[in-house]
2 protein chains.
Amino acid sequence: MALHMSSANPSPDFAERLREAGLRPTRQRVALARVLFEGDHRHVTAESLHAEVKATKIPVSLATVYNALNQFRDAGLLREVVVAPGRSYFDTNIGHHHHFFVETDNELHDFPSHDVTVEGVPAPPAGTQVSRVDVIVRVRR
Amino acid sequence: MALHMSSANPSPDFAERLREAGLRPTRQRVALARVLFEGDHRHVTAESLHAEVKATKIPVSLATVYNALNQFRDAGLLREVVVAPGRSYFDTNIGHHHHFFVETDNELHDFPSHDVTVEGVPAPPAGTQVSRVDVIVRVRR
DNA sequence: TGCATCTTTAGAAATATTCTAAACTACTTG
DNA sequence: CAAGTAGTTTAGAATATTTCTAAAGATGCA
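The rules behind each value
- Residues numbered from 1 in each chain as written.
- Chains lettered and ligands numbered in written order.
- Predicted model: local features only at pLDDT ≥ 70, side-chain atom pairs only at ≥ 80, totals over all residues.
- Heavy atoms only, no water.
- Pairing = 2+ DSSP bridges.
- Helix = DSSP H or I, 4+ residues; strand = E, 2+ residues; numbered from the N terminus.
- Least-squares fit on C-alpha atoms with pLDDT ≥ 70 in both.
- Contact = heavy atoms within 4.5 Å.
- Near = heavy atom within 4 Å.
- Polar contact = N/O pair within 3.5 Å; in protein donor to acceptor, adjacent residues only side chain to side chain.
- Salt bridge = Lys/Arg side-chain N within 4 Å of Asp/Glu carboxyl O.
- Buried < 20%, exposed > 50% of the residue type's maximum accessible area, 1.4 Å probe, protein only.
- Buried area = accessible area lost by both parts, 1.4 Å probe.
- Lys, Arg positive; Asp, Glu negative; His and termini not counted.

Chemist: Would you mind going over the sheet that holds strand E2 (residues 79–84) of chain B with me for this structure?
Modeler: Pairing between sheet strands relies on hydrogen bonds along the backbone, with the strands arranged either parallel or antiparallel. If you trace the 3 strands from one edge of the open sheet to the other, you get E1-E3-E2 (chain B), paired in antiparallel fashion. This sheet does not close on itself; its edge strands, each paired only once, are strand E1 (43–44) and E2 of chain B.

As structure tokens, this is what we get:
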């Protein structure tokens, strides 16, 4: 019974969701998916996710966390956000949205893009097509 | 009359410009400044800049390149652009502008922001103020 | 010139991520 | 459901980028 209506994910059947994404639902991947996709949207780094999953007593190596994050991203389950040099964030919100980045404490916040318009962007370089437009609003405390 | 109106720098007196920025015009910093600020705007990484300056026969260590890039950025002479995980780009264009990032070959292109409008961004998180709005248009070949 | 301060440097260290090859596990087939 | 195989996980090594350290060197002021 879904307690969290604002949850990122209606179905808690993580094994099935992994299978649909073309990934074998191993113990590690299911544990990672549970932490990532249960409850509201979130932002993690490889390190922070590793720490969280280890706390659930399921053995996972850091290498597996990196593997899984890359696979989840490639499968469209996560979005990678690059805002700070030397570290990648992964966002469980894969819908259209943009980010506030609090530079003073390396904190990331989503905001919906449906009200945002970006106008006046010139034509992309010859031979290329736009894959995404990111708006990053950098703020400080 | 200046032939290169689009040039990044009117004056080629790099020592003086460093002094104005509060930096001692050492041999290494002047050599780096020459490569960076002579001619049109450009994008470099620490590695690429190191390779270029070494080619001018002036001895510079990679550590000094990192130091100088950080100092130039802090002094407002450069802008750091974070678009790809694991590497920083530095942009000699410090005016208002945004970027195309060609993901397929890690290439960065500026475009002026004076025609660009970003509307509908919500209020920033409480207690913060906006330091900059970056628009990154990601494209692929 | 003399000297205090700032800068550079090589190499070590820190940080983040990927790779390797061996052990392990999920899924399929018989 | 035993066995095979193909995909996964893992520890540890390797790679990549950036920063740190402490010693040597350069700069600019008196």
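Chemist: When you look at the relation of the copies chain B and chain A in this model, what are you seeing that I'm missing?
Modeler: For the pair of chain copies, the relating operation is a rotation around an axis with a shift along it. For these two chains of identical sequence, chain B goes onto chain A by a turn of 180 degrees and a shift of 0.0 Å along the axis, with RMSD 0.0 Å. Seen this way, the second copy is the image of the first under a two-fold rotation axis. Here 100% of the contact residues of chain B are again contact residues in chain A; the copies associate through an equivalent surface.

Chemist: Honestly, the protein's contact with DNA strand C in this entry has me stumped. Any pointers?
Modeler: Taken together, 19 residues lie around DNA strand C, and A:Tyr66, A:Gly86, B:Thr26, B:Arg29 and B:Thr64 are the ones closest in. For DNA strand C, the backbone portion of the atoms within 4 Å of the protein, that is sugar and phosphate, comes to 83%. A:Arg24 places a side-chain nitrogen or oxygen 3.4 Å from a base nitrogen of DNA strand C. The side chain of B:Arg24 places a nitrogen or oxygen atom 3.3 Å from a sugar or linking oxygen of DNA strand C. Broken down by secondary-structure element, the contributors of at least two residues to the surface near DNA strand C are helix H4 (62–74) and strand E3 (87–91) of chain A together with helix H2 (27–37) and helix H4 (62–74) of chain B.

Chemist: What is the right way to look at the pattern of salt bridges in this model?
Modeler: Pairs can form between side chains of opposite charge once their charged atoms are near each other. All names here are of chain B. Here the structure, examined in full by the defined rule, presents 20 salt bridges over all chains. In this structure, the salt-bridge partner of Arg19 is Glu16, at a minimum N-O distance of 3.1 Å. Taken together, the residues Arg19 and Glu16, both in helix H1 (residues 14–20) and 3 residues apart, mark about one turn of the helix. Using a relative accessible area of 49% as the deciding quantity, one classes Arg19 as partly exposed. Of the residues examined, Glu16 reaches a relative accessible area of 31% and is grouped as partly exposed. For Arg132, the salt bridge identified is with Asp134, shortest N-O distance 2.8 Å. Look at Asp134 and you get buried, because its relative accessible area is 7%.

Chemist: Quick question: what am I supposed to make of the interface of chain B and chain A here?
Modeler: Many authors give the size of an interface as the accessible area that is lost as the parts come together. Listed by partner, the interface residues are 38 residues for chain B and 38 residues for chain A. Across the chain B to chain A interface the summed buried area is about 3,000 Å²; carbon plus sulfur atoms make up 61%. Sorting the residues of chain B by area buried against chain A places B:Val82, B:Phe100 and B:Arg138 first, and these three jointly supply 17% of that buried surface. Counting every contact that joins chain B to chain A gives 2 salt bridges. Measuring nitrogen to oxygen at the nearest pair gives 3.0 Å for the salt bridge that ties A:Asp134 to B:Arg138. Our count for the chain B to chain A interface comes out at 16 residue pairs in polar contact (both at pLDDT 80 or more). The set of elements that each furnish at least two residues to the side of chain B that touches chain A consists of E2, strand E4 (97–102), strand E5 (107–112), strand E6 (117–119) and strand E7 (129–140) of chain B. By residue number, the principal contributor to the side of chain B that touches chain A is E7(B), which donates 12 residues. Where strand E7 (residues 129–140) of chain A and E7(B) come together, 11 bridges link them in antiparallel fashion. Counterpart to A:Asp134 in the pairing with E7(B) is B:Ile136.

Chemist: Is there a simple way to explain the side chain of A:Asp91 in this structure?
Modeler: Residue and element names in this part refer to chain A. As for its position among the elements, Asp91 is in strand E3. Lacking a salt bridge, the buried Asp91 has Arg79 as its closest oppositely charged neighbour, with an N-O distance of 5.6 Å. Separated by 2.8 Å, the side chains of Asp91 and His97 make a polar contact. The residues touching Asp91, leaving out its near neighbours within four places in the chain, are Arg42, His43, Leu78, Arg79, Val81, His97, His99 and Asp110.

Chemist: How should I be thinking about the side chain of B:Thr128 in this particular structure?
Modeler: Turning to its location among the elements, B:Thr128 is positioned in the loop between E6 and E7. By relative accessible area, B:Thr128 is classed as buried at 13%. A polar side-chain atom of B:Thr128 sits 2.6 Å from the main-chain carbonyl oxygen of B:Pro125. Discounting chain neighbours no more than four positions away, the residues touching B:Thr128 are A:Val102, A:Val139, A:Arg140 and A:Arg141.

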